[in-house]
Amino acid sequence: MIRRWLQTKREAAAAKADCALPQGCQHECALSACAVGGQAIVVRVSCSHHDACRLRALGVYEGARVRVVDTRHGLILDVRGSRLALGTALARLISVLPLAA
Amino acid sequence: MTSIAPGAPPAGAPRTPAPPAPLRVALVGNPNTGKSTVFNALTGMRQKVGNFPGVTVERLEGNYRDEDGRLVTVLDLPGSYSLSPHAPDEAIALDVLLGRAEGVPPSDVIVVVVDAHNLDRNLFLTSQLLELGLPLVVALNQMDAAAGAGIRIDVPELIHELGVAVIPTVATRGEGIDALRRAIARAPGFPRPARQFALDAAAAANIAPLESALRDTGLAPAVASLEALRLLAHVNPEDPHRYGAAVEHALQRARAELAAHGVNAHALEAERRYHWITGVMQRTVQRPPPGGRSMSDRVDRVLLHRVGGPLIFLALMAVVFQSIFTWAQPLMTRVGAFFDWLGVTVGAYLPAGDLRSLVQDGIIGGVGSVLTFLPQIAILFLCIGILEDSGYMARAAYLMDRYMRRVGLHGRSFIPLLSGYACAVPAIMSTRSIEEPKDRIATIMVVPLMSCSARLPVYTLLIAAFVPGLTLYGLFDLRGVTLLVMYLLGTVTAFLVAWVFRRTLLRGPTRPLIIEMPPYRLPRIRPLAMSVWQRAMLFVRRAGTIILSLSVVLWALATYPHTHSAPGTPAAAAQEAQLSNSALGHVGHAIEPAVRPLGYDWKIGVSIAASFAAREVFVSTMSTIYGVGDADTAGTRALRDRLRDERNPATGARAYTPLVAVGLMVFYVFAMMCMSTMAVTVRESGGGRTGWKWAAVQFGYMLVIAYGAAWLVYHGGRALGYAG
Amino acid sequence: MQTILVALIVAAAALYAGRRAWTTLAAARAKKAGGGCDDCH
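Quick caveat, the model's predicted, so the values are computed rather than measured.

Calculation rules
- Residues numbered from 1 in each chain as written.
- Chains lettered and ligands numbered in written order.
- Predicted model: local features only at pLDDT ≥ 70, side-chain atom pairs only at ≥ 80, totals over all residues.
- Helix = DSSP H or I, 4+ residues; strand = E, 2+ residues; numbered from the N terminus.
- Buried ≥ 20, exposed ≤ 12 C-beta atoms within 10 Å, placed from the backbone.
- Contact = placed C-beta atoms within 7 Å.
- Pairing = 2+ DSSP bridges.
- pLDDT = per-residue confidence, 0-100.

### Here we look at the overall build of chain A
Helices and strands together make up the secondary structure of chain A, namely three helices and six strands. Counting from the amino terminus, helix and strand elements in chain A follow one another as α-β-β-α-β-β-β-α-β. Here chain A holds 101 residues, and 50% of them are scored as buried. Contacts in chain A between residues far apart in sequence, at least 24 positions, make up 53% of those at least 6 positions apart.

What follows is the structure in C-alpha cells.
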C-alpha cells in the first residue's frame, strides 16, 4: 500500500513538471497537472459516463475553457464564472490543452 | 324582519364568479439558487411533506391562492443541474416534468429558479426546460447579490431571448413574489416555449432518425428533440424508462454518424447549449471586468490552506461545541427553573395522591426534563445553519474529501454526516444526493455514530452531574472538552467503521467528488431564524407527543403496583421498595444482569431500554424514576443532584460515579437507540428485506461496539484505580 | 375519581405511543413510503 502511494506521488510530480510551463505546451496534459492561474481548453473527459455527463452539464465539456483556481486539496476550477471543486483523481482523467498565460 | 341566512348574498347582488381552475406548478432549479426560499415565499407555511410512490424521495408540496382566487399547488422538486438524472432525486424530477411519474398529476406550469449572480450555468437547465413545451416562468432570484457584484441584467432582452416571462425576485425579502404569482397565472395563456437555437444542418440530419424513433414512442416532437440530445450525451443503464430497441438502435447509428463527421456525440448537447448561452449572456448581461481575485477567492486562500484549512475546520467545530455547552447554560437553567416552579404550582392545586404524582413526576417532570435542552438544540441548529448559509459547508466537504476518500467515503457524504449531528433522520434522507449505492449505504451505516442532538440531553445530564467545572489553560472548560471528546469519539469511529464496511460488505471504488463552491456570503438572518425556529418547534412537538406519552406510560409502570412500606421506614428505603416492586422495577431487575458488567444498576438499565424509542427518554425516564416515591416531590431538586446523591442501598456507597457516568456516555455515543432512525434506514437502504437487513446490521454492530466500549471504560477505569 | 382520571390519561398515552410505534414500523416495512418527516427534530 505504501509503495502504491509513493508511486502515485512520483507520477503526479512527473506530470506536474511536464506541464507547469507558463507558455503552454503543445501537447495535452491532465488537468491535475496544471498550475494555479493557468487557463486551458478541455480536450477529453475520460471518466465514467455518469461523472462525464455531470461535468459537461456544469460546463466542463470538450472545447470549453477553464481556469485553475486552487490545487491544494484537489482542484478548484473557474468554469464560466462559477467555482467547481473536483477530486484529484477525477482531475487526472480530464485532458486539457493549456493556454499561454 | 326578514331572516337572511348567514353567508348568503343579499338578494339582488350579482353572483360571485367561480374561481378559475386550479393550477399545478413544478418548481425546479439548480442547487444554491434560493429555490427553497422562493417555495416558502410562495406557499407560506402551507406545506406538506410526503413521498413519491415507489421512490424514497421527499415530496414537498404547498399551495396558495392567487389574486383571482385560484388554488395553485406548488411541487418543490429536488435541485439539479440538468435533466439527465444521476441520482434518484434527479430521476424523479425528470419523470415528474415529463408527466410520467406515478401518482403525480402532470404540471401545468414550470417555474425555474435561476441565480442572477450565476446566470450562465443556470441557463443550461433552463434551455432544456424550454424544450419541454410546457408553460415556463423564470424566477430570476438573488438579484440583490447580483447587483452587489455589479452585474446588470437586461431583463426585457432576456425575456426576448428565452421567449418566456422572466421575473426578477429577491425571495429572502419577498420582492417580486407577487409578480411571480401573476406570471404563473398568465403563463398557460402564452405561446409555448421552444428551443431557441438550432443544430447545424449536418448534425441535425444525423440526429433526425433518432428523433423520429423517439416520436414513435409517443413523445411530442419538441420533447423528442430534447431527449435525443440528452440520450446522445448520456445513457443511464439503470434508467427504467429506457425507450426500447428501436431507439437504442437509432442512438447507436446517430453516434456513429456523428463520429464519422468528427463530432463527439457525448459533448454535443453541452457544446450546443453553452454556445447558445454564451450568446445570450453577451446580449443580456453586463459584468464588471473580473478584477483578479474575488473576495471569496481571497477568503479561500486562507480557509483552504494546505495545513491551516483542516486545522481551522477543527477549530470551528470546537467553537461550535463549546458554544453549545457554555452559551446555552443560562438559558437552560431558566427553563429548568420554570418547570420546577410549574411542578410546585400545579401540585398545590391537587390533593396528594396518584394524580398529583402523575402530573408532577410523569408529565411535568418527564417532558420538562427534555425541554430544558431546547436552548442547546437551537444553538446547534443555528451553528449548522450559519455554516451552510455562509457557503463554508461546501469548502468543508472539499477539504474533507481527501480524508474521507481514504476510508471509502465520498466527499458528498460530508453533508449528511454533518447533519447527523443534528438528527440522523434527515441526514440519512439527504444521502439521496449520493449516486453510487455502495457509497450511499456506507454513509447511512455510519451516520448514527455522529452524535445527534437527542444524545445531548444525555451527555449534558451526566457531564453536569459528574464532571467538575475546571478550566484548562484558562480557556477551555473541562465540561465543554468532555462534550467535544464524546463527539470526536463518535466521529472517528464513524470513519473507522466506514473503512471496515468498504473493505468487507461494501467493496468497491468511490465516486469522484464534483461539488459547486458558491461564493461566500453573510448568512441572512431571517431565513436562518425561520429554519432554526421550525426545527426547534419540531423538537418541542416531539417532546409534547412521543416523549410525553412515553413518560406517562413509564410513570405508570414505575408507580404500579403500589408498595406500602410500614410506617416509620425511612423515605429513601420506602422509595426504593416502591420502585423495585413496580412493573418497571421487575423489568429492570430482569435486565440488570445484562448491564451489571458495565457498572449499571437496574434503573439505568431500564432507562436505556426505554430510550430506544427516543434517546431523550433516557433523561425523562431517569427523571421519573427519581421523582416517583420521593416524599418531598416539590421537584425542586435537580435530577443531577439526585443522581449524585444516590446511594446503593446495599453498600451505602455512591451508586453513580464519574466512571459510571463516562462509561454510560460512551455507551450512548455508540448505541443505536432510536426507533425513528432505524425506520428511516430501512426505507433508504432499499426497503423491504434489504432495508431490514441493513438496519439490523446497523443496530447490531453499534450495540456490540457500545457494549464493548462501555465495558472497557468501566473495567479499564477501575483497573487504573479510578474506582471512585 | 382520581383513579379513573389517572387510568384514562395513562391509557390515552399508551394508545398514542403504541400507534406511533406501529406507524413508524409500518412505514419502514413498506417500500412505498407514505410517511412524513415528523419523526425528526
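After that view, the rundown keeps rolling.
### A closer look at the overall build of chain C
Check the secondary structure of chain C and you find one helix and zero strands. The 41 residues of chain C split such that 29% are buried.

### A look at unusual backbone geometry
Unlike most non-glycine residues, A:Arg80 shows phi in positive territory, near 50 degrees. With respect to the secondary-structure elements, A:Arg80 resides in the loop between β4 (75–79) and β5 (82–86). For B:Asn32, which is not a glycine, the phi torsion comes out positive at approximately 65 degrees. Tracing the backbone through its elements, the reader meets B:Asn32 in the loop between β1 (23–29) and α1 (35–43).

### Quick look at the pairing of strand β3 (residues 65–70) of chain A
All names here are of chain A. Bridge count for strand β2 (residues 39–45) against β3 is three bridges, and the pairing is antiparallel. Each bridged residue has a counterpart across the sheet, and for Ile-41 the counterpart in β3 is Arg-65. Where β3 meets β4, four bridges bridge the pair, whose relative direction is antiparallel. Bridge pairing links Arg-67 to Asp-78 in β4. Linking β3 to β4, which pair antiparallel, is a turn of four residues.

### Brief notes about the confidence of the model for chain A
Residues of chain A with pLDDT of at least 70 account for 76%, and the chain-wide mean is 79. Low pLDDT (under 50) marks residues 17–24 of chain A, which in the prediction has 13 contacts with non-local residues, meaning those over four places away or in another chain.

### A closer look at the pairing of β4(A)
A regular strand places its side chains on the two faces of the sheet in alternate fashion. Residues and elements named next belong to chain A. Extensive coverage of β4 is indicated by the burial of five of its five residues. Burial along β4 is two-sided: the residues Leu-75, Leu-77 and Val-79 and Ile-76 and Asp-78 are all buried. Connecting the antiparallel pair β4 and β5 is a turn made up of two residues, with Arg-80 showing a positive phi of about 50 degrees.

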